Each structure stands twice: as structure tokens, then as C-alpha cells.
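Residue-level listing of the chains:
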Amino acid sequence: QGEVGANPKRINIIVLIPGLSQTMTRSAMSFAVALALCAFAPTATGETWAHKAKLAYATRFSVEYPANVEDPYKFVRFRQDTGDTAHVLYMTGTTQPDLATVATTHGIAQSQITAISVPVTKTAITSTMIAPFLEVLGETDTLTATKGADLTGRYRIASACVNKMYAEGKITAAADTAALDTLGVDVVFSDTCPNWGGACPAKSAIMSWEAELTMGAYADYIQLVSVYFNKEHEGLKHAEKIHSSWECVKKTMANKVLESGVAKPKVLWAYNYFGTWYPTLTEDTYKGEVTTAAGGLMMGKGFLGSA
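Just so it is clear, the structure is predicted and the values come from calculations on it, not from any experiment. (Residues numbered from 1 in each chain as written. Predicted model: local features only at pLDDT ≥ 70, side-chain atom pairs only at ≥ 80, totals over all residues. Heavy atoms only, no water.)

A. Representation of the pairing of strand β4 (residues 113–118). Relative to β4, strand β3 (residues 85–91) runs parallel, the two being bridged by six bridges. Paired with Val88 across the strands is Ala115, a residue of β4. (Pairing = 2+ DSSP bridges. Helix = DSSP H or I, 4+ residues; strand = E, 2+ residues; numbered from the N terminus.)

Laid out in C-alpha cells, this is it:
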């Protein structure tokens, strides 16, 4: 049972051939199994991936599904101020695409491309905000490593689920990229780069939501995570739900008019990291859009005080 593009680990084949001799049964079963495997093998027509990401707002990454290629793959591009990087994702058990050809096709240096087989089975994260994406996709068990603990011994990921996994010995606080390699991590979901011991592993899926200008773009990043598990249909479902809820909230707030003469409330976005406050001093992010939609005035570039 299964579908094209489904996780190969979840394909079950049962062959029942009554009335044949043992020798004939073995031959028949071998043929039947081979036939079934061919039926579920990825095609070269671009239809390998049963579901595809559909990004509506994100601008700092993109996902392509090239058609009519000999070795099907997904092309994920990360747009950074320092230059683009990319991942070539190909189905586990199939041939890795030729990266030189991929580089020419997509106009990027081959040295900036990393090939990863999917679905991934071991992941690492650098931020608390990424943990919920794994949770809603049902892939928390793939979490293998996070960034190392600070000098106080506290973990950098403020998630009850993640801390429970730490306590159970399922997650390691990796100090550097060498530790990630030793653990066999397939992909690092990261909100910054460099992100690990001053380095940026080539396997980093860079989630630059702080550079995005809309709330809708933030929601699209769940689709980025889903691409690595071949769960685009689930990622899209969650993203569209968030997009729909956000549009509803904006319309609701637009109909609420502040009383005449009442100043808009001033809002400062900040977070506390181990006792130190860090304010967001810019309106040019999704936080600015959220504040404005709620009827507030974001204290940003012109703000000179301290938190």
C-alpha cells in the first residue's frame, strides 16, 4: 500500500499466491515484489513528489520541483544578504542528482549546494520557535540535537517537550558542527547563520523569518520544514489555516476604530534571554505588521531608550 511520493518506510506489500509449489511460489513472489517496487519507484516525469509546497508570502526561501529530469529532486534556495545557498533533496533509495548540472540549471555555484536524501530521520534546531513546527508535523522524535547549554547549565531551547526528551536522553546538546556529524544529523533547522560554534553547517535550512515583512511569510516557514519530511500536504494545510486566521483578525481589527483623540498605544517588542532584554528596533518585520494591524504604534528605529 502507498502512493507516489509517500514515505518509503510506510509502504507495505503483501503477496498471497495459493496453490503453487514452494519453488513456484518463491519465483512468483520475487516477480510480484519486483513489480510492486517498480510501481512505487519515483518516476522521471516530475511526479515523484505527490504534494508540493505552495508559498504565498515568504521571500527569503523558495522551493522548486523540476520536471522531466533523470533523477528527480526538490531544489530549496535560501536567500541571504551574504549570498544564496541551496539544498538538493532527493528521495531516499534513489540516485543523487548531478550537482554540477543542478548548479547550471539554477544559476548557483556548485560549492553552495548540499545534497540531502529525504525524508530526513535526524534533525537539529537552534531556536525554541522551531520546535512547534516539528510538533505539528508529528516529527518531534527526529530531533537529535540542539545547541549546547550555556554556562549555567540551562538548555537554549525553552520547550517542555524538548526538555523532556533531554531528560530521557533522546537529545544531545551538541557543541559544534563536528558533534552534529558524529550524531548523524541530516538537517539543521536554523534561524541564524552562522549558528553553531561560529560556523554555519552546509546542512542548515536557514529560516530567516526575522527578515520577512509579513506575518503570512512567517507561517510559510512550516512548509519549509515539511519539505524535508515529504509532508508538504500537512505543511500547506497548517500554513493556510494560519493565513486564513490572520486575514480574519486583520479585518476584525480594521473595523474597530479608536475613539477620537485617543493616541495609539506604543508597543515595544523585546525578549528576555537569560536575564538580558533584547528589543526589536525596526518596523520592517512581520512584528511591525502585527502591531499596526492591532491598532498600535511600534517603537522602532527612532526609539532611543532602553528596555
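Picking up where we left off.
B. Structural context of the sheet that holds strand β1 (residues 61–64). As summarised here, the arrangement of the four strands in space is β1-β2-β3-β4, forming an open sheet in which the pairing is mixed. Every interior strand has two partners, whereas the edge strands, β1 and β4, have only one. With direction set aside, neighbouring strand axes in the sheet form an average angle of 20 degrees. (Axes fitted to C-alpha atoms, helices over the stretch in contact; angles between N-to-C directions.)

C. How the structure looks around the environment of His233. Relative to the helices and strands, His233 resides in helix α7 (residues 232–254). Considered as a pair, His233 and Ala50 are 183 residues apart in the sequence and their alpha carbons are 8.7 Å apart.

D. Just the side chain of Ser226, in detail. Looking at where Ser226 falls in the secondary structure, it is placed in helix α6 (residues 215–227). The contact partners of Ser226, leaving out residues within four places of it in the chain, are Leu137, Lys231, Glu232 and Gly235. (Contact = heavy atoms within 4.5 Å.)

E. Quick peek at unusual backbone geometry. A cis amide bond links Val118 to the next residue, Pro119, at an omega of 5 degrees. Tracing the backbone shows Pro119 in the loop between β4 and β5 (123–125). A positive phi angle, near 55 degrees, is found at Asn230, a position not held by glycine. Along the chain, the position of Asn230 falls in the loop between α6 and α7. With a relative accessible area of 9%, Asn230 lands in the buried category. (Buried < 20%, exposed > 50% of the residue type's maximum accessible area, 1.4 Å probe, protein only.)

F. Representation of the sheet that holds strand β7 (residues 172–174). The strand order across the open sheet formed by five strands is β7-β6-β5-β8-β9, and the pairing between neighbours is parallel. Whereas interior strands pair on both sides, the edge strands pair on one side only; in this sheet they are β7 and β9 (204–206). Strand-to-strand twist in this sheet, taken as the mean axis angle between neighbours without regard to direction, amounts to 30 degrees. As judged from the three bridges shared by β5 and strand β8 (residues 187–190), these two strands associate in the parallel manner. Note on β8: the bridge partner recorded for Ala124 is Val188. Across the face of the sheet, helix α4 (residues 160–167) comes into contact with β6 (143–147) and β7 while running at roughly 105 degrees to β6.

G. Up close: the pairing of strand β2 (residues 74–78). Among the five residues in β2, five count as buried, and that is most of the element. Residues Lys74, Val76 and Phe78 line one face of β2 and the alternating positions Phe75 and Arg77 line the opposite face, and both faces are buried. In terms of strand pairing, β1 meets β2 through four bridges, oriented antiparallel. Within β2, the position partnered with Val63 by the bridge is Val76. As paired elements, β2 and β3 share five bridges and run antiparallel to each other. Counted as the bridge partner of Val76 is His87 from β3. Between β2 and β3, which pair antiparallel in sequence order, lie six residues; one of them, Gly83, sits at a positive phi of approximately 125 degrees.

H. Looking closely at the packing of aromatic side chains. Per the counting criterion, the structure on display carries four aromatic pairs. Arranged with centres 5.5 Å apart and planes meeting at 90 degrees, the rings of Phe189 and Tyr228 form a pair that is edge-to-face. Pair noted here: Phe189 is in strand β8 and Tyr228 is in the loop between α6 and α7, with a separation of 39 residues, a long-range link. Judged by relative accessible area, Phe189 falls into the buried class, the value being 0%. What makes Tyr228 buried here is its relative accessible area of 0%. Among the aromatic residues, those joined into a cluster by ring pairs are Phe189, Tyr228 and Phe229. (Phe/Tyr/Trp six-rings, centres within 6.5 Å; stacked < 30°, edge-to-face > 60°.)

I. Fine view of the packing of α7 against helix α8 (residues 286–293). Relative orientation of the contacting elements α7 and α8 amounts to 40 degrees, with a least axis distance of 9 Å. As summarised for this structure, α7 and α8 are arranged oblique, according to the angle between their axes. Between α7 and α8, the contacting residues are Trp246, Lys250 and Met253 on the first element and Glu289, Val290 and Ala293 on the second. Class assignment of the residues belonging to the contact of α7 with α8 gives a composition of four nonpolar, no polar and two charged. (Parallel < 35°, antiparallel > 145°, perpendicular 65-115°, else oblique. Nonpolar A, V, L, I, M, F, W, Y, C, P; charged D, E, K, R; others polar.)

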